[in-house]
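Fold and geometry: a report
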Amino acid sequence: MADITFTSPAMAKDITVYATAGARQTLLGLAKANRIPIQFECENGECGSCAVQVTILERKEPLGQHLTEKEKIVLLLSGKISKGQIEDTELRDIPPPWRLACQYIVRDEDILVKL
Ligand code: FES
């Protein structure tokens, strides 16, 4: 079970929802299911409209990070992450500062999501 906290200047207050362990769900799917006002268009990792800043709040063990090829391209082209940050993610499990909510699979770790 993980606490996923959404924050945005457009929201009256932060909202924390609970992701069930084992449920393979995207961050976008979780946001939509909980009526979080997240932007999205394609839902397929191509438009970049669902880009969010993700901060891991607690970590029991280092978890491997995985960005899809689409996510890498969109975040690189939009200037949200660098090639060095992709390398840090892939080789050193250092989380990138931005993710695509439609590509990010929620895991058993508490995160803060800035819309
Ligand atoms: Fe288009 Fe996520 S909704 S990249």
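What you see is a predicted model; the values in this text were computed from it and never measured.

What counts, and at which threshold
- Residues numbered from 1 in each chain as written.
- Predicted model: local features only at pLDDT ≥ 70, side-chain atom pairs only at ≥ 80, totals over all residues.
- Heavy atoms only, no water.
- Helix = DSSP H or I, 4+ residues; strand = E, 2+ residues; numbered from the N terminus.
- Buried < 20%, exposed > 50% of the residue type's maximum accessible area, 1.4 Å probe, protein only.
- Contact = heavy atoms within 4.5 Å.
- Pairing = 2+ DSSP bridges.
- Axes fitted to C-alpha atoms, helices over the stretch in contact; angles between N-to-C directions.
- Core = buried A, V, L, I, M, F, W, Y, C linked by side-chain atoms within 4.5 Å.

A few words on the environment of Tyr 18. Mapping Tyr 18 onto the fold places it in strand β2 (residues 15–19). Taking the relative accessible area as the measure of exposure, Tyr 18 reaches 52% and is therefore exposed. Distance in space between the C-alpha atoms of Tyr 18 and Asn 34 is 9.9 Å, their sequence separation being 16 residues. Among all residues touching Tyr 18, those that are not within four sequence positions of it are Met 1, Ala 2 and Asp 3.

Attention now goes to the sheet that holds strand β3 (residues 51–56). Strand order across the open sheet formed by five strands is β2-β1-β5-β3-β4, with mixed pairing between neighbours. Since the sheet does not close on itself, it has two edges, and those belong to β2 and β4 (98–100), each with one partner. This sheet shows a mean twist of 35° between the axes of neighbouring strands, independent of strand direction. In the sheet, strand β1 (residues 2–7) pairs with strand β5 (residues 111–114) via four bridges, with the strands oriented parallel. Along β5, the bridge assignment pairs Ile 4 with Ile 111.

Looking now at the side chain of Thr 5. Structurally, Thr 5 is set in strand β1. In this structure Thr 5 comes out as buried when scored by relative accessible area, which is 13%. Apart from the residues lying within four places of it in its own chain, the contact partners of Thr 5 are Asp 14, Ile 15, Thr 16, Ile 111, Leu 112 and Val 113.

All right, on to the pairing of β3 then. As paired elements, β3 and β4 share three bridges and run antiparallel to each other. Bridge pairing in β4 places Gln 53 opposite Trp 98.

Proteins that are soluble and globular tend to have nonpolar side chains buried together. Residues Ile 4, Phe 6, Leu 27, Val 52, Ala 101, Ile 111 and Val 113 are the most contacted members of the largest nonpolar core, which totals 28 residues. When residues of this core are traced back to their parent elements, those giving at least two are β1, β2, α1 (27–33), β3, α2 (69–77) and β5. Top element by residues in this core is α1. It accounts for four residues. Residues contacting Ile 111, with those up to four places away along its chain left out, are Asp 3, Ile 4, Thr 5, Leu 27, Val 54, Thr 55, Ile 56, Leu 57 and Tyr 104.

In short, the description is geometric, and any link to function would need to be established separately.
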